[in-house]
Amino acid sequence: MAEQYIYAVARVRSRELSLLSEAVIGQLCAASGEEDCLRILNEKGWGNPDLPSEEMFREEQKKTWGFIRELVPDRMEIFDVFRLSADYHNLKAAVKESCIDGIHPGIYLEDGTLDQAAVETALKESDYEALPKDMRQVAQEAKETLLQTRDGQLCDAIIDRAALEAIRKAGAASGEKLLKDYGELICATGDIKIAVRCARCGKDRSFLMKALAPCDSLDIELLADAATSGVDAICAYLDHTDYADAVDELKKSVAAFERWCDNRMIETIRPEIHNPFGIGPIAAYILARENEIRTVRIILAAKRNNLPEEMLRERVRVMYV
Amino acid sequence: MSLGLFFALTGAALAAATSGLGSARGVGIAGQAAAGSCTDNPDLFSKVLILQLLPGTQGIYGLLIAFICLSQIGLLGGGADPNMSLSTGLLYLAACVPVIIVEPISAINQGKTSVASIAMVTKKQETFGKSMIFPAMVETYAILALLISILAIFGVSGMAA
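None of the values given here were measured: they were computed from a predicted structure.

### Side note on the overall build of chain A
Piece 1. Across its full length, chain A carries 16 helices and zero strands.
Piece 2. By the compact-globule yardstick of 20 Å for 321 residues, chain A fits well, its C-alpha radius of gyration being 20 Å.
Piece 3. Along the first, second and third principal axes, the C-alpha atoms of chain A reach 55 × 45 × 45 Å.
Piece 4. Every one of the 321 residues in chain A was classed for burial, and the buried ones make up 38%.
Piece 5. Residue pairs in contact within chain A that sit at least 24 positions apart in sequence constitute 62% of those at least 6 positions apart.

Rendered as structure tokens:
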């Protein structure tokens with residue numbers, strides 16, 4: 001089975017040479033401004049000086065998925081696990097757009113598995129049958145909740161939970177350890193973020209139970225109980241889980257915790273850098289590229305807003321290579 | 001035609017067949033990795049080609065054993081004994097067993113090691129010398145099996161004479 005990806009993995013090994021290393025990220029952090037960063041990125045093959053940075057990120061994402069499509073044209077569905085978050089983001093956007101007047105350009109993401117226009121139309125016409133089976137009930141529930149209660153947070157919570165469940169399910173169904181670990185990590189860290197946000201907003205237990213997605217590495221009942229008591233109680237609960245390392249970061253800030261989540265993901269995929277067989281190195285390359293784009297986006301935003309270099313260095317992610 | 005000659009010929013044929021199959025698989029998987037590396041960096045062609053060819057030697061060892069065996073039983077130059085005893089024929093077959101078993105296994109494993117070495121060269125071209133050593137280590141056991149089969153075949157033909 002693993003031997004069918006030998007060619008693809010060898011090509012990924014070649015492409016890994018052009019991933020941004022820690023040294024390049026250091027250069028970007030030390031750059032004098034956004035223009036200097038764009039020049040360095042341009043030298044590394046990113047975009048061109050005439051493109052706005054958001055367009056450059058879109059181009060880079062397209063490049064990644066174009067490359068993966070070329071490598072495994074008949075097994076693309078295995079990587080749906082990485083694209084489901086875009087689908088559920090589009091669902092959220094479509095639900096909200098269908099409940100208010102007007103057209104809102106730029107709210108949809110392009111790299112999902114579903115046609116964004118079809119999702120938009122299905123929600124506008126309340127034609128839930130046009131959506132994939134797993135999405136129908138959540139789309140209906142979210143739209144009805146928004147229409148009846150006008151509670152955008154509850155609508156978001158319903159869709160976010162469904163997204164976490166779908167990612168975890170797709171990871172487990174792939175039969176690949178790396179993708180299963182990815183699904184579990186995304187679901188668990190998503191739950192922690194939701195619990196912290198709810199604790200800060202003083203949400204009650206019933207809201208938490210609607211928002212938290214079940215996963216293997218966390219007991220959502222205990223997490224919901226902790227969240228009703230506050231962030232310190234969440235930290236005390238996490239101390240006894242696989243996410244004990246995250247507690248210090250969580251105490252610092254949500255940004256520090258998100259950085260920990262991204263770094264943990266890189267640590268999870270790092271063994272794939274030495275694996276010459278299987279789908280793992282290809283999946284790891286996709287995640288490494290996403291991490292790279294996210295880090296560059298943080299750096300450019302910081303440069304644009306003249307943030308000090310020390311503050312920026314606290315936010316940049318660990319690189320895959 | 002005696003059953004002894006049949007078993008001796010079976011030994012020679014299996015030595016060539018299993019080693020050839022193993023090498024074909026080993027060279028095949030290494031070739032996929034080599035093609036992947038060369039797609040983005042054609043300059044690597046000469047280096048990865050050598051790594052791809054390493055698992056091909058087991059097929060040659062199998063062929064060599066088949067030649068020696070056929071020659072010793074007289075099927076190459078004529079003069080084969082149609083009344084070869086069953087025990088002599090089985091002894092020839094037994095002499096070929098190290099090559100029949102070890103060569104295909106080592107060829108496939110060498111192919112996999114070559115894939116890993118090709119990844120190493122792709123990342124750092126200057127490691128080519130070192131990367132050759134890893135698949136070459138697998139070759140050791142193919143050579144040991146070859147030596148034992150050669151010694152055993154000559155031993156059997158000495159007994160038969």
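### Topic: the overall build of chain B
Piece 1. Looking only at helices and strands, chain B features five helices and zero strands.
Piece 2. For chain B, the C-alpha atoms occupy an extent of roughly 60 × 20 × 20 Å along the three principal directions.
Piece 3. Among the 161 residues that make up chain B, the fraction classed as buried is 52%.

### Considerations on helix 7 (residues 133-149) of chain A
An α-helical turn contains 3.6 residues, so any two residues separated by three or four positions project in the same direction.
Residues and elements named next belong to chain A.
Piece 1. Across its 17 residues, helix 7 extends 25 Å between first and last C-alpha, which sits within 8% of the 24 Å expected from 1.5 Å per residue.
Piece 2. Taken residue by residue, helix 7 has Met135, Val138, Ala139, Ala142, Lys143 and Leu146 as its buried positions. The buried residues of helix 7 occupy an angular sector of 130° when the element is viewed end-on, so they sit on one face. Exposed residues pointing more than 90 degrees away from the buried face of helix 7 are listed as Lys133, Gln148 and Thr149.
Piece 3. Summarising the contacts, the buried residues of helix 7 are in contact with helix 5 (80-99), helix 6 (116-124) and helix 8 (152-174).
Piece 4. Following helix 7 by one or two positions, arginine 150 has its phi on the positive side, about 60°.

### With respect to the interface of chain A and chain B
Piece 1. Between chain A and chain B, the residue contacts involve 12 residues of the former and 15 residues of the latter.
Piece 2. When its residues are assigned to classes, the side of chain A that touches chain B shows seven nonpolar, one polar and four charged.

### Brief notes about the confidence of the model for chain B
Detailed reading of the predicted coordinates is not advisable wherever pLDDT falls low.
Piece 1. Counting all residues, the mean pLDDT for chain B is 94, and 99% of those residues have values of 70 or more.
Piece 2. The ipTM, which scores confidence in the relative placement of chains, is 0.84 for this predicted complex, and the corresponding pTM is 0.87.

### So, the environment of Ala117(A)
Residue and element names in this part refer to chain A.
Piece 1. Tracing the backbone shows alanine 117 in helix 6.
Piece 2. Given 11 C-beta atoms within a 10 Å radius, alanine 117 is considered exposed.
Piece 3. Residues alanine 117 and tyrosine 320, 203 residues apart in the sequence, show an inter-C-alpha distance of 35 Å.

### Re the domain arrangement of chain A
It is common to report an interface's size as the accessible area lost on association of the parts.
All names here are of chain A.
Piece 1. As assigned here, chain A comprises domain 1 (1-75 + 279-321), domain 2 (77-171) and domain 3 (176-278).
Piece 2. Each of domain 1 and domain 2 was reduced to a C-alpha centroid, and the two centroids are 28 Å apart.
Piece 3. Counting residues at the interface gives seven residues for domain 1, matched by five residues for domain 2.
Piece 4. For the side of domain 1 that touches domain 2, the elements supplying multiple residues, two or more each, are helix 4 (53-71) and helix 15 (280-304).
Piece 5. Broken down by class, the residue content of the side of domain 1 that touches domain 2 amounts to five nonpolar, one polar and one charged.

### Considerations on helix 12 (residues 231-238) of chain A
Residues and elements named next belong to chain A.
Piece 1. Of the residues making up helix 12, those classed as buried are Ile234, Tyr237 and Leu238. Down the axis of helix 12, the buried side of the element spans an arc of 95°, and every buried residue falls inside it.
Piece 2. The elements touched by buried residues of helix 12 are helix 9 (177-201), helix 11 (220-229) and helix 13 (247-252).

### Describing the packing of helix 1 (residues 3-40) of chain B against helix 4 (residues 86-123) of chain B
Residue and element names in this part refer to chain B.
Piece 1. Axis separation between helix 1 and helix 4 bottoms out at 7 Å; the angle between their running directions is 0°. The orientation of helix 1 relative to helix 4 falls into the category roughly parallel.
Piece 2. In the contact of helix 1 with helix 4, the residues fall into 29 nonpolar, 15 polar and three charged.

### Some points on the environment of Phe57(A)
Residues and elements named next belong to chain A.
Piece 1. Its place among the elements puts phenylalanine 57 in helix 4.
Piece 2. Taking the C-alpha atoms as reference, phenylalanine 57 lies 7.9 Å from arginine 297; in sequence the two are 240 residues apart.
Piece 3. Those residues within four positions of phenylalanine 57 in sequence are excluded, and the remaining contacts are Ile293 and Arg297.

### Some details on unusual backbone geometry
All names here are of chain A.
Piece 1. Positive phi, close to 50°, is recorded for serine 126, a residue that is not glycine.
Piece 2. Within the secondary structure, serine 126 is located in the loop between helix 6 and helix 7.
Piece 3. Phi angles above zero are rare outside glycine, and arginine 150 is one such case at about 60°.
Piece 4. Here arginine 150 shows up in the loop between helix 7 and helix 8.

### Describing the environment of Leu185(A)
Piece 1. Along the chain, Leu185(A) turns up in helix 9.
Piece 2. Separated by 30 residues in the primary sequence, Leu185(A) and Cys215(A) have C-alpha atoms spaced 9.0 Å apart.

Calculation notes
- Residues numbered from 1 in each chain as written.
- Chains lettered and ligands numbered in written order.
- Predicted model: local features only at pLDDT ≥ 70, side-chain atom pairs only at ≥ 80, totals over all residues.
- Helix = DSSP H or I, 4+ residues; strand = E, 2+ residues; numbered from the N terminus.
- Rg over C-alpha atoms; globule rule 2.2 N^0.38 Å.
- Buried ≥ 20, exposed ≤ 12 C-beta atoms within 10 Å, placed from the backbone.
- Contact = placed C-beta atoms within 7 Å.
- Expected span 1.5 Å × (residues − 1).
- Arc of directions from axis to C-beta.
- Nonpolar A, V, L, I, M, F, W, Y, C, P; charged D, E, K, R; others polar.
- pLDDT = per-residue confidence, 0-100.
- Domains from an automatic or database assignment.
- Axes fitted to C-alpha atoms, helices over the stretch in contact; angles between N-to-C directions.
- Parallel < 35°, antiparallel > 145°, perpendicular 65-115°, else oblique.

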